[in-house]
Amino acid sequence: MCFLSKERLVALICASAVFATPLKSEPISTHTLESRQENCPTDYTSQNGLRFTGYCDKCIVGYDVFENGNAVDGKIMSMEDCMERCSRFSGEVGATYSGGCFAIVYALGDGNCWIKNNTVGTSDMIDAPQDSKMHVAFPDRTQL
Ligand SMILES: *[C@@H]1O[C@H](CO)[C@@H](O)[C@H](O)[C@H]1NC(C)=O
């Protein structure tokens, strides 16, 4: 999914971006720039060598394989850790999908890390609700 589980309003806003009217574009604020620099790396290489491109203040609705990528503790502390889980993800335990991780959505607010399946693409990204601190990253498909 593409929302903060404890903030249903965000879900509604995010869903409305898909099913109703697009979100209005907002002027870039100082807050947004800080968020990008501190919490959303646009280039990242995982410890096992998978290269990621980050897209800040974006989300993706649907395509969910798994939330938090088999994390034992449930909460992912950083977008980098979410990408690390993506780089090691090889299918949902006990389910039919056996593909890897083809994108992540990370919600800084509640530490959720959504693993997206092999049909997702960059054109599926939409603007995240303002101040929701949700970011997307795609691994380099040529490495998968
Ligand atoms: C991937 O997600 C899409 C959108 O939710 C879904 O239609 C498709 O069946 C999924 N594919 C797999 C292999 O799970």
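Per an unreviewed UniProt entry, the chain is named Apple domain-containing protein, and its organism is Sporormia fimetaria CBS 119925.

> I'd like a description of helix α3 (residues 79-88), backed by residues and values.
Counting buried positions along α3 gives seven out of ten residues, so the element sits mostly inside the fold. Along α3, the positions that sit buried rather than exposed are Met 79, Cys 82, Met 83, Glu 84, Arg 85, Cys 86 and Ser 87.

> Which residues make up the nonpolar core, and what values do they have?
Most often, soluble globular proteins keep nonpolar side chains buried together rather than apart. Counting residues in hydrophobic clusters, the biggest one holds 29 residues, and the most contacted among them are Cys 82, Ala 103, Ile 104, Val 105, Tyr 106, Val 136 and Ala 137. Mapped by element, the contributors of at least two residues to this core are β4 (64-67), α3, β5 (103-107), β6 (112-116) and β8 (134-139). Top contributing element to this core by residue count: β5, with five residues.

> With reference to specific residues and values, describe the pairing of β8.
A regular strand carries its side chains on alternate faces of the sheet. Within β8, six of the six residues are buried, which leaves it mostly tucked inside the rest of the structure. Where burial is concerned, the two faces of β8 agree: the one with Met 134, Val 136 and Phe 138 and the one with His 135, Ala 137 and Pro 139 are both buried. Note: strand β2 (residues 51-55) against β8, four bridges, orientation antiparallel. Bridging across to β8, Phe 52 finds its partner in Pro 139. The pairing of β5 with β8 spans four bridges and is classified as antiparallel.

> Kindly report on the sheet that holds strand β1 (residues 43-45), identifying the contributing residues and their values.
The strand order across the open sheet built from six strands is β1-β2-β8-β5-β6-β4, with neighbouring strands paired in antiparallel fashion. The sheet is open, and its two edges are formed by β1 and β4, each paired on a single side. Averaged over all adjacent pairs, the angle separating strand axes in this sheet is 25°, with direction ignored. As defined by bridge partners, β1 adjoins β2 across three bridges and the pair is classed as antiparallel. Bridge pairing links Tyr 44 to Phe 52 in β2.

Cut-offs used in this document
Residues numbered from 1 in each chain as written. Predicted model: local features only at pLDDT ≥ 70, side-chain atom pairs only at ≥ 80, totals over all residues. Buried ≥ 20, exposed ≤ 12 C-beta atoms within 10 Å, placed from the backbone. Helix = DSSP H or I, 4+ residues; strand = E, 2+ residues; numbered from the N terminus. Core = buried A, V, L, I, M, F, W, Y, C linked by C-beta atoms within 7 Å. Pairing = 2+ DSSP bridges. Axes fitted to C-alpha atoms, helices over the stretch in contact; angles between N-to-C directions.

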